[in-house]
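Summary of structural features
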Amino acid sequence: MATFSLCMIVKNEEKVLARCLDSVADLMDEIIIVDTGSCDATKEIAARYTDKIYDFEWIGDFAAARNFSFEQATMDYIYAPDADEVLDEANHEELAKLKQVILPEIEIVQMKYATVTEYNTVLNAATEYRPKLFKRVRNFTWVDPIHETVRLDPVVFDSDIVIHHMPEQMHSKRDFSIFEKTIAKDGALSDKLMKMYAMELMKTGDVADLQQAFLWFEQVYATTDNPRHREYAACVLAKHYRLQQDGYGLLKVALKEVATTPCSEICYELGQYYLDLDDLREASLWFMNALSETEAALDVHAGGDSALQELKQCYERLLQQNLSEEEKCYFEEQLRETQEAITLWRLPEE
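Remember, it's a predicted structure, so these values are computed and weren't measured experimentally.

1. A closer look at unusual backbone geometry
Positive phi, normally seen in glycine, also occurs at Asn12, with a value near 55°. Tracing the backbone shows Asn12 in the loop between strand 1 (4–10) and helix 1 (17–24). In this model, Asp144 sits at a positive phi of 80°, which is unusual for a non-glycine residue. Residue placement: Asp144 occurs in the loop between strand 8 (142–143) and strand 9 (149–150).

Quick look at the structure:
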């Protein structure tokens, strides 16, 4: 049977830490808690479960804190939860089974991540695989019978274990500050962080957040030769211009995207723009385009339930106007279909 180290980084998690640890503590052979500056009862709660509690000065870098936590581990595998995660009874049993039978050649176990509160900022599916269990010491293996080389890719097992992510608040403001510091330091973001920054801005960014990010995304949009980065930047700029009530800026960006390969987010922003102008027919056209003619680049809701809700509003307001009988029948039917679609819409499974 394999041994497990739990390695967690925490800060001010007194509301959720016990809930998390209660769900997994009995499966762990050691529990390591790294505190990055709590000023509540987090460390006192952690002490109920372990004496391996370490202080780590927060430097605006989650990777640095996680690396430090992993350095303290001594068991075969490292389980790395966040404090707002929970394993329910069924998935606790599955992890217990995995601990009994995991093959030593497996180096990473992925688990299905499911956010079950309204504070979902980065998931575009009901669940997505994330690496959560890591072999502490990796063995190097030579492969190929000729021209042999060391295997570089880890052996990854995709388990059926579901981790319930149950945050009690948004973390976007914290995340935005780290993105901004990284740009200031390095002048750029990795492909992954570029997408994550744009995604969080589209999902949760307010006027101030978009204003703070505007100049950098404007530069990316004007200079990048990466089509994906350009698309992400276009989405952020379009939302910024709309929130600033800058119709010229919005149309300047959106029409360029529509002329090539528009995404749901651009169509959604155009729908919001025309809705704000009370041009309900034009708004409904663009919300329909977001729903059925395009695909989301960053936020699946822009081509799903969010667009449906705005389309419903358009039809309800149109039906309050003086319409011909033919138009009234048409919009009533469209409203019924939209209301039904809202009740049926679900996040993609994975």
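2. Quick word on the sheet that holds strand 4 (residues 77–79)
In spatial order, the strands read 3-2-1-4-7-6-10-5; together these eight strands make up an open sheet with mixed pairing. Only two strands of the sheet have a single partner each, and these edge strands are strand 3 (53–55) and strand 5 (85–86). Sheet topology note: the strand 2 (residues 30–35)/strand 3 ladder contains three bridges and is parallel. Along strand 3, the bridge assignment pairs Asp35 with Asp55. Strand contacts of helix 4 (residues 89–101): strand 1, strand 6 (108–115), strand 7 (128–135) and strand 10 (156–165), with the helix running at about 150° to strand 10, the strand carrying the most contacts.

3. What about helix 7 (residues 207–223)?
The terminal C-alpha atoms of helix 7, which comprises 17 residues, lie 24 Å apart, in line with the 24 Å expected from a rise of 1.5 Å per residue. At Phe214, helix 7 shows its largest kink, close to 50°. Inspection of helix 7 places Asp209, Leu210, Ala213, Phe214, Trp216, Phe217, Val220 and Tyr221 among the buried residues, and these make up the whole buried set. Taken together, the buried residues of helix 7 touch helix 5 (172–186), helix 6 (191–204), helix 8 (227–243) and helix 9 (247–258).

4. Quick notes on the state of the cysteines
Scanning the entire structure with this criterion turns up zero disulfides. Cys20 provides the cysteine sulfur closest to Cys7, a residue in no disulfide bond, and the two sulfurs are 13 Å apart.

5. Description of the nonpolar core
Of all hydrophobic cores here, the largest spans 52 residues; its most connected members are Tyr197, Leu201, Trp216, Phe217 and Leu298. If you tally residues by element for this core, the top one is helix 8, at eight residues. Here Leu201 is in contact with Phe176, Asp209, Leu210, Ala213, Phe217, Val236 and Lys239, once residues within four sequence places are set aside. By size, the runner-up hydrophobic cluster in this structure holds 32 residues, among which are Cys20, Met28, Leu98 and Tyr113.

6. As for the packing of aromatic side chains
Both the distance between ring centres and the angle between the ring planes are used here to describe each pair of aromatic rings. By the definition in use, this model includes 15 aromatic pairs. Look at Tyr54 and Phe68: their rings are 6.1 Å apart centre to centre, the planes differ by 80°, and that puts the pair in the edge-to-face class. With Tyr54 in strand 3 and Phe68 in helix 3 (residues 62–71), the pair connects residues that are 14 residues apart, well separated along the chain. Residues Phe176 and Tyr197 carry aromatic rings whose centres are separated by 6.1 Å and whose planes lie at 50° to one another, so their mutual orientation is tilted. Within this pair, whereas Phe176 is found in helix 5, its partner Tyr197 is found in helix 6, the two being separated by 21 residues in sequence. Pair check on accessibility: Phe176 and Tyr197 agree, each one buried. One aromatic cluster is present, built from ring pairs that chain together Phe176, Phe179, Tyr197, Trp216 and Phe217. Against the face of Phe4 rests Lys99, its NZ or CZ located 5.3 Å from the ring centre. When the ring centre of Tyr221 is taken as reference, the NZ or CZ atom of Arg230 above it lies at 4.1 Å.

How each quantity is defined
Residues numbered from 1 in each chain as written. Predicted model: local features only at pLDDT ≥ 70, side-chain atom pairs only at ≥ 80, totals over all residues. Heavy atoms only, no water. Helix = DSSP H or I, 4+ residues; strand = E, 2+ residues; numbered from the N terminus. Pairing = 2+ DSSP bridges. Contact = heavy atoms within 4.5 Å. Axes fitted to C-alpha atoms, helices over the stretch in contact; angles between N-to-C directions. Expected span 1.5 Å × (residues − 1). Bend = angle between axes of the 7 residues up to and from the residue. Buried < 20%, exposed > 50% of the residue type's maximum accessible area, 1.4 Å probe, protein only. Disulfide = S-S within 2.5 Å. Core = buried A, V, L, I, M, F, W, Y, C linked by side-chain atoms within 4.5 Å. Phe/Tyr/Trp six-rings, centres within 6.5 Å; stacked < 30°, edge-to-face > 60°. Lys NZ or Arg CZ within 6 Å of the ring centre and 35° of its normal.

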